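Single-letter residue listing:
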Amino acid sequence: MKVSLNLVKKFIDLDGLSVEEIAHRLTFAGVEVESVESLASGTNLTVGQVLTCENMPDSDHLHLTTVDAGKHGVLHIVCGAHNVRKGLKVIVALDGAKLPGGTIKKGKIRGHESEGMLCSLLELGVDSKFLKEEQTKGIEELPEDAVVGDDNVLSLLGLDDVILDLKLLANRSDLYSVKNVAKEIETLFERKANITPSKDPKNANLAFKVGSETERCSQFSARVVKGIQVKESPEWLKDALRSSGIRSINNIVDIGNYVMLLTGQPLHMYDMDKLPKEELIVRDDFEGDFVALDEKTYKIQKGDVVITCAGKVMCLGGVMGALECAVDENTKNVVVEAANFDFASIRRTSIRLALSSDSSMRFVKGINPNQYDEVENLTAELLKELCSAKEIGEVHTYLAGKYQPRVVETTSEYINGRLGTSFSHKEIVSALERAFIKVEDDGKKLVCHIPDHRIDITGEADLSEEVIRILGFEHVDSQLPSLKASVGALEENLAKKRVVRSFLRGIGLDEQLTYSLVREKEIKDFALLNKEEAYKVMNPLTDEHEYVRINLLPSLMNVLTFNLNHKNENLAFFEVSDLFSGEGKRHSHLAVVLAGNDLRRSHLKGEAYSFYHMKGVVGGLLKLFNIDEKRYSFVRASVEELHPGKSANVKVDGKVLATFGELHPVTLKKYDLNTNVIVMEMDLDVLFSVRTSMKKMEEISKFPSVKRDFAVVLKDEVSAADVIQEIKKVNRELIKAVDIFDVYRGEHIQKGMYSLALSVTISSMEKTLTDAEISAVQDAIINALALKFNAELRK
């Protein structure tokens, strides 16, 4: 936002304040001044008049001139401009003058003395976009009433202006108004601004209908002005617009831009004689083509705010008007619009059509919702003054609802507590009143009536911000707050998940991360643990991502088939993830897939993955969390997707922890798999809920141990785990370990029976065992197995 200090000076006295002071105070009050620029620059300039002008011999463009510079005398100056001539009043850069292009010095050009330079506005640093074509090609031609010898050349030309480039934050949209910038300076420097409301210049009753058929327009005002004259704007208006980076067009367009600069309210003017009816209706349901002022055709969609007349679009609300009703040099009667549109709608339309303007930017940021009458009156006054308007009608306004000024309550204790300051109650009230906030103070509570232009102040925190930026951030105590030191740590279950993932990676499995949204078919497959209803996404991107998964294995099966299809065989991977069911429950699951061969000992000794490999993974996890063998069991599983004889449920303390096994041949065919696949899904919530004691360290015996092997014949329904537990019961002090080294079914073993071979380690912590003591333990083992399981030693 470029702000002209000359324009600001119309509303507040800046005498005694340097530009640097103003820029510094604004910046430290939260209104950053990015740069300070002069509209034009040049020292040692004066007004001169050409006394004589002759062509230089041997040159096709240079001229020898004598110039009356008033008190600076008559100067001989060589000039190359095509428009230099006798009697012309010009800008003279005297010897030593500093211009944007360098310093002017006396010298000789082709043997002829030159004591200065006749200047164009380009040479003073004025942007070419503000100049007419003839001004860019020659020296500046000053008006006849310019006084020869006047050294205030920049002031004479309206170029003695300083421009502040404000980098406004999103909340300070009020400062897109020059009047509000003056108010901000009044607040910060405690200087009284002179901002008086415009009088209503109405002198005729001119009927006109306005309305809105959309919630996207909260207010729409229009005023008919007749008998205007379209012509060039006066110099003061051109200067004001030029300082703000706006090129002058004609008096009608310039008035609209000038009012927008002063108030922050975008305007639009319609040629009334080009409107089909005397009405303007706001809609957002129009679809079709729209020819804008830039003579381009745009597609209007439903949701775009448009202003219509007799069903035809006359303006794309807040963005650009229609060519059909544009004001031109023949316009006699106009309708002046001042409205307030929904900022989000204007932003969407502006971005979609790539039509960004000062008007659309202000609507997007937000404007004062209660200044339409003042804006219409100011515009009408200017139309009367600059366009000789003869008839000015009343303001016709549509309002969606009665405007309610904002009121915020707070206390000085809250403000000091939030800021960490110790301002007195009186200081706080004074700061708020400086910000044009009317304060009702009962000694405790402050009832603050927010001014209409401060749409950013909505709560107590905003009032705190006003106080500190006005009184100064240097009042905030620089002492660091007291912070309690604490030891950071992961939440218990999250730490346990990391342990699980680290363990699985450590034994050679690869971790996967798959998408949590799946298709409907995958919800029903591999429902090994969770059979609850799944969440369905209301607006899925694709059918592949329609449901929130409730089990992990379907996702890992997709990973498996993808890899096998790409000839990536011999796979072992896992995933740990949280799952959410439609019943509002949250579960943490682990899924593991093994396929092909176990190649940890290279391709030379590859071993096909089997049920027992997965059982080893499960056993490793149970051991990792120190879960005693007595607390868990493996039970035959009956799952559609798994082989009935090579699958199991794992139960811990009676709860199902996991289900694993080889895929059923039908499942292999369904997924078009030609390799052995073993899968497992585990409920980590069950695993983490098992309470276990810390691992206890045991001293290693100093005495030798003895191993005794047993081969016993058992019924098929007797599990090896039960046998091991029974052996350990015989003598827990002496029996240190029981290991299985063979399982046999076949010849010489009765049907329904199997042979189990075990190695039992026997040792004492106190002495070396004698043969008799070892034999006693051995006999006790045989007797216990015979009694408990009717087991016989294999012969």
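About the cut-offs
Residues numbered from 1 in each chain as written. Predicted model: local features only at pLDDT ≥ 70, side-chain atom pairs only at ≥ 80, totals over all residues. Heavy atoms only, no water. Helix = DSSP H or I, 4+ residues; strand = E, 2+ residues; numbered from the N terminus. Rg over C-alpha atoms; globule rule 2.2 N^0.38 Å. Buried < 20%, exposed > 50% of the residue type's maximum accessible area, 1.4 Å probe, protein only. Areas by Shrake-Rupley, 256 points an atom, 1.4 Å probe, with all protein chains shown as cover. Lys, Arg positive; Asp, Glu negative; His and termini not counted. Charge placed at Lys NZ, Arg CZ, Asp CG, Glu CD. Contact = heavy atoms within 4.5 Å. Domains from an automatic or database assignment. Buried area = accessible area lost by both parts, 1.4 Å probe. Salt bridge = Lys/Arg side-chain N within 4 Å of Asp/Glu carboxyl O. Polar contact = N/O pair within 3.5 Å; in protein donor to acceptor, adjacent residues only side chain to side chain. Nonpolar A, V, L, I, M, F, W, Y, C, P; charged D, E, K, R; others polar. Core = buried A, V, L, I, M, F, W, Y, C linked by side-chain atoms within 4.5 Å. Pairing = 2+ DSSP bridges. Patch = residues over 30% accessible without salt bridge, like charges linked within 9 Å, V, L, I, M, F, W, Y side chains within 5 Å.

1. Remarks on the overall build of the protein chain
Then step 1. Secondary structure summary: the protein chain contains 21 helices and 41 strands in total.
Then step 2. Taking 795 residues into account, the globule formula puts the C-alpha radius of gyration at 28 Å, and the protein chain, at 45 Å, lies well above it.
Then step 3. Seen through its C-alpha atoms, the protein chain measures out along the principal axes to roughly 140 × 70 × 70 Å.
Then step 4. Taken over 795 residues, the protein chain has a buried fraction of 48%.
Then step 5. Here the protein chain has roughly 41,300 Å² of accessible surface; of this, 49% comes from carbon and sulfur atoms.
Then step 6. Both charge centroids of the protein chain, one from 102 positive and one from 121 negative side chains, sit 6 Å from each other.

2. Comments concerning the environment of Val327
Then step 1. Position of Val327 among the secondary structure elements: in the loop between strand E21 (320–321) and strand E22 (333–341).
Then step 2. Along the backbone, Val327 and Lys274 are 53 residues apart, and their C-alpha atoms lie at a distance of 9.1 Å.
Then step 3. Val327 has contacts with Ile252, Met269, Tyr270, Asp271 and Val334, leaving out every residue within four places of it along the chain.

3. Concerning the domain arrangement of the protein chain
Then step 1. Along its sequence, the protein chain is carved into domain 1 (2–39 + 162–189), domain 2 (45–156), domain 3 (209–399), domain 4 (407–475), domain 5 (492–689) and domain 6 (706–793).
Then step 2. When each unit is reduced to the centre of its C-alpha atoms, the spacing between domain 1 and domain 3 is 27 Å.
Then step 3. With twelve residues of domain 1 in contact, the opposing surface of domain 3 contributes 17 residues.
Then step 4. Both sides of the domain 1 and domain 3 interface together cover about 1,200 Å² of buried area, and 57% of this is carbon and sulfur.
Then step 5. By the criterion of area lost to domain 3, the three top residues of domain 1 are Leu7, Tyr176 and Lys179, representing 41% of everything that side buries.
Then step 6. Our count for the contact surface shared by domain 1 and domain 3 stands at one salt bridge.
Then step 7. Glu374 is the partner of Lys179 in a salt bridge, and the nearest nitrogen-oxygen pair spans 3.6 Å.
Then step 8. Counting every contact that joins domain 1 to domain 3 gives seven residue pairs in polar contact (both at pLDDT 80 or more).
Then step 9. Elements represented by at least two residues in the side of domain 1 that touches domain 3 include exactly strand E1 (2–4) and helix H5 (178–189).
Then step 10. Residues that form the side of domain 1 that touches domain 3 fall into these classes: six nonpolar, three polar and three charged.

4. Brief notes about the nonpolar core
Then step 1. If you look at the biggest cluster of nonpolar residues, it comprises 54 residues, and the most contacted ones within it are Val8, Leu166 and Leu383.
Then step 2. Looking at which element gives the most residues to this core, the answer is helix H10 (residues 372–387), with seven residues.
Then step 3. Both domains that furnish three or more residues to this core are identified here as domain 1 (2–39 + 162–189) and domain 3 (209–399).
Then step 4. Residue contacts for Leu383: discarding those within four places in its chain leaves Val225, Ile252, Ile255, Val334, Val336, Ser388 and Ala389.

5. Some remarks on the pattern of salt bridges
Then step 1. Counted under the stated rule, the structure contains 43 salt bridges.
Then step 2. For the salt bridge of Asp165 with Lys2, the shortest nitrogen-to-oxygen distance reads 3.8 Å. Here Asp165 is found in strand E12 (residues 162–167), whereas its partner Lys2 is found in strand E1, with 163 residues between them in sequence.
Then step 3. Taking the relative accessible area as the measure of exposure, Asp165 reaches 17% and is therefore buried.
Then step 4. A relative accessible area of 33% places Lys2 in the partly exposed class.
Then step 5. Within the structure, one salt-bridge network assembled from shared partners comprises Arg172, Asp174, Glu184, Arg454, Asp456, Glu466 and Arg469.

6. Side note on the pairing of strand E26 (residues 445–449)
Then step 1. The pairing of strand E24 (residues 407–411) with E26 spans five bridges and is classified as antiparallel. Considered in E26, the bridge of Val407 is made with His449.
Then step 2. Of the strand pairs in this sheet, strand E25 (residues 438–441) and E26 are connected by four bridges, and their pairing is antiparallel. Within E26, the residue paired with Glu440 across the bridge is Val447.
Then step 3. Following E25, the chain reverses through three residues before pairing antiparallel with E26; Gly443 in that reversal takes a positive phi of roughly 95°.

7. Observations concerning a nonpolar patch on the surface
Then step 1. Taken together, the side chains of Val291, Leu293 and Leu323 present a nonpolar region at the surface, about 210 Å² in accessible area.
Then step 2. Turning to its location among the elements, Leu323 is positioned in the loop between E21 and E22.

8. Quick notes on the pairing of E22
Then step 1. In terms of burial, E22 is largely enclosed, as nine of its nine residues are buried.
Then step 2. Neither face of E22 is exposed, since Asn333, Val335, Glu337, Ala339 and Phe341 on one face and Val334, Val336, Ala338 and Asn340 on the opposite face are all buried.
Then step 3. As paired strands, strand E14 (residues 217–226) and E22 are joined by nine bridges and run antiparallel to one another. In the strand pairing of E22, Lys226 is matched with Asn333.
Then step 4. Note that strand E15 (residues 267–271) and E22 share five bridges and pair antiparallel. Looking at the pairing, Tyr270 lines up with Val335 of E22.

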